[in-house]
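Below, each chain spelled out in residue letters.
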Amino acid sequence: MFATVIASLRRIANMCHKEFLAVVKDPKTRAILFVPALVQSMLFGYAATFDLTDAPYVLLDQSRSAASTELVARLEGSGVFRRVATLRSQEGMARAIETHQAMLAVQIGPRFEQQLYAGEAAPVQLILDGRNSNTAGSAAGFVSQVVAAYNADWARRHGGSGAALTVDARAWYNPNLETRWNMLPGMVAALSMLQTLLLSALSVAREREQGSFDQLLVTPMSPLEIMAGKALAPVLIGLAQSTIILLVTALWFKVPLAGSLLTLYAGLGLFTLASVGIGLSISAVSLNMQQAMLYTFVLIMPMMLLSGLTTPVRNMPPLLQTLTLANPLRFAIDLVQRVYLEGVGLRVVALDLLPMLVIAALTLPLAAWLFRNRLA
């Protein structure tokens, strides 16, 4: 029994070695593996931005006065802010932001109206979710505009120089609201997925096109061992590319890593397995490399759009939000951002790990079944 397992592992290692040789023997292929990860991470780090489309917020109104009610009405009447909860204590503010329920929290102090009538400073505190830096900055800007209009209207109605209403804003997880702090951790998963999915999709299709598929079938390897060997190489390459982007993010752009590398790589490894399962399923049904590339590129764009990287999932129509549940990139981006910026552990990101585990558990056996079915 032990000798059989060792022999099987040796055959898988030989297949993995063969896949590595097929990928890296061509200089152009070697360049494709590593140059895009470097170039794209630099471009996205400098050029990518977000636009504000929807700003869900939670409210803690300790004043409950006519003045605070008017301010909240102006805020919600802007068409940008949508209240998702009315709180009774500050503890709920942290929970709403940490769970992505709200983009910001608004706190109005108990002496808000009295301070305004007395001409004293009446600050409104904003707690912003810095993980989405550009939208958080835009939200703070919109609040400042509402406050400026409120001050001017107060002066007109009360015949004074204006209300002393001010905005005191703080951003969590990204103090300076730098866009790259949000974008680059997401790119750790997104950019590595592009190459991983493509390499695994071309794996079996390349064998058919080069005429070596029949030779592979006469080897003493079982179909499961062949698939395992073909899956291992893209997994390792995907993790290597993630490492490159992590190094660029941490060392070049100086985005500090708050969480554990062990937690981060556990999530990336599971995500890479899910991506390889999808790629091998594509490869198993493709007759040649052109078909595999076509199927891959048709699939990549929806996966990117439904990942939540550029457009928050909560802003999508309900049907598209349901479709994102089958997209491993959605959960990988959320996991990387939370581990990288928040420093959370495995227990917190379990809801991201579980869907990726389910997707990998479905797609890898599906790829093996398709492979065996094509052999029949």
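**Student:** Explain the nonpolar core to me, using residue names and the numbers behind them.
**Tutor:** Residues Leu329 and Met356 are the most contacted members of the largest nonpolar core, which totals 62 residues. Counting residues per element, the ones that place at least two in this core are strand 1 (55–61), helix 4 (91–98), helix 7 (179–210), helix 9 (223–252), helix 10 (261–285), helix 11 (289–305), helix 13 (328–342) and helix 14 (350–375). Of the residues forming this core, the biggest block, 12 residues, is contributed by helix 7. Setting aside its immediate chain neighbours within four residues, Leu329 contacts Ala189, Ala190, Met193, Phe271, Met303, Met304 and Ser307. Of all hydrophobic cores here, the second largest spans 29 residues; its members include Ala55, Ile108, Val143 and Ala171.

**Student:** Account for the packing of helix 1 (residues 2–24) against helix 7, with residues named and values stated.
**Tutor:** Between helix 1 and helix 7, the shortest axis-to-axis distance is 12 Å and the interhelical angle comes to 100°. With respect to their mutual orientation, helix 1 and helix 7 come out roughly perpendicular. For the pair helix 1 and helix 7, the contacting residues are Lys18, Glu19, Ala22 and Val23 in the first and Leu199, Ser203, Arg206 and Glu207 in the second.

**Student:** Before we move on, can you summarise the environment of Ala326 with the specific residues and values?
**Tutor:** For Ala326, the location among the structural elements is in the loop between helix 12 (318–323) and helix 13. In this structure the C-alpha to C-alpha distance between Ala326 and Leu306, which are 20 residues apart in sequence, comes to 9.7 Å.

**Student:** Run through the packing of helix 7 against helix 9, naming residues and quoting values.
**Tutor:** Their axes nearest at 8 Å, the elements helix 7 and helix 9 cross at an angle of 155°. In terms of orientation, helix 7 and helix 9 fall into the roughly antiparallel class. Both helix 7 and helix 9 take part in a crossing whose hand is right-handed. The segment helix 7 lies against helix 9, with Leu184, Met187, Val188, Leu191, Ser192, Gln195, Thr196, Leu199, Ser200, Ser203, Val204 and Glu207 engaging Lys230, Pro234, Ile237, Gly238, Gln241, Ser242, Ile245, Leu246 and Thr249. Per-class residue counts for the contact of helix 7 with helix 9 are 10 nonpolar, 9 polar and 2 charged.

About the cut-offs
- Residues numbered from 1 in each chain as written.
- Predicted model: local features only at pLDDT ≥ 70, side-chain atom pairs only at ≥ 80, totals over all residues.
- Heavy atoms only, no water.
- Core = buried A, V, L, I, M, F, W, Y, C linked by side-chain atoms within 4.5 Å.
- Buried < 20%, exposed > 50% of the residue type's maximum accessible area, 1.4 Å probe, protein only.
- Helix = DSSP H or I, 4+ residues; strand = E, 2+ residues; numbered from the N terminus.
- Contact = heavy atoms within 4.5 Å.
- Axes fitted to C-alpha atoms, helices over the stretch in contact; angles between N-to-C directions.
- Parallel < 35°, antiparallel > 145°, perpendicular 65-115°, else oblique.
- Left-handed = near helix turned anticlockwise from the far one by under 90°.
- Nonpolar A, V, L, I, M, F, W, Y, C, P; charged D, E, K, R; others polar.

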